[in-house]
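Structural overview for review
Here are the chains, one letter per residue:
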Amino acid sequence: MDFDLSKEEALFRDSVREFGERYIKPHWVDLDEGRYSLLDLIPRLAEHGLVGLTLSSKYGGSEGSFLMAAIAPRS
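Report on the accompanying structure. What you are looking at is a predicted structure, and each value in this text was computed from that prediction instead of being measured.

**Some words on the pattern of salt bridges**
By the definition in use, this model includes five salt bridges. One salt bridge connects Asp 30 with Arg 35, and the closest N-O pair in it is separated by 2.6 Å. Among the residues examined, Arg 35 registers a relative accessible area of 54% and is labelled exposed. Across the pair Glu 33 and Arg 35 runs a salt bridge whose closest N-O atoms are separated by 2.5 Å. Since its relative accessible area comes to 48%, Glu 33 is described here as partly exposed. A single network of salt bridges, built from pairs that share partners, joins Arg 13, Asp 14 and Arg 17.

Structure, rendered in structure tokens:
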């Protein structure tokens, strides 16, 4: 049985990791101390297709898989 990520899933993981490095990491101290809210990131998350990952595009989602939804917070 093959448990490796597909190319699409690996690219997705890498893009989520890059998003975190670019938009979350610079604010981690402020996040930890309550001076910055993750709610401020929602528009950026939406721009990158990270909101509504498993929803149909008909409803504004990204049509991602449930595996992609599981990969996102761990990247």
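**Considerations on the side chain of Glu 9**
Note that Glu 9 resides in helix H1 (residues 7–24). For the buried Glu 9, no salt bridge is present, and the opposite-charge side chain at shortest range is Arg 13, 8.8 Å distant. Here Ser 6 takes part through its backbone nitrogen, which lies 2.9 Å from a polar atom of the side chain of Glu 9. Non-local contacts of Glu 9, meaning those with residues more than four positions away in its chain, are made with Ser 65, Leu 67, Met 68 and Ile 71.

**Here we look at H1**
Spanning 18 residues, H1 covers 25 Å between terminal C-alpha atoms, matching the ideal 26 Å at 1.5 Å per step. Within H1, burial applies to Glu 9, Ala 10, Phe 12, Val 16, Phe 19, Gly 20 and Tyr 23. Buried residues along H1 sit against helix H3 (42–47) and helix H4 (66–71).

**Section: the packing of aromatic side chains**
Tallied over the full model, the rule gives one aromatic pair. Taking 4.9 Å as the distance between ring centres and 45° as the angle between the ring planes, the aromatic pair formed by Phe 19 and Tyr 23 counts as tilted. Remark: Tyr 23 and Phe 19 occur in helix H1; sequence separation between them is four residues, near one turn of the helix.

Cut-off values and rules
Residues numbered from 1 in each chain as written. Predicted model: local features only at pLDDT ≥ 70, side-chain atom pairs only at ≥ 80, totals over all residues. Heavy atoms only, no water. Salt bridge = Lys/Arg side-chain N within 4 Å of Asp/Glu carboxyl O. Buried < 20%, exposed > 50% of the residue type's maximum accessible area, 1.4 Å probe, protein only. Helix = DSSP H or I, 4+ residues; strand = E, 2+ residues; numbered from the N terminus. Lys, Arg positive; Asp, Glu negative; His and termini not counted. Polar contact = N/O pair within 3.5 Å; in protein donor to acceptor, adjacent residues only side chain to side chain. Contact = heavy atoms within 4.5 Å. Expected span 1.5 Å × (residues − 1). Phe/Tyr/Trp six-rings, centres within 6.5 Å; stacked < 30°, edge-to-face > 60°.

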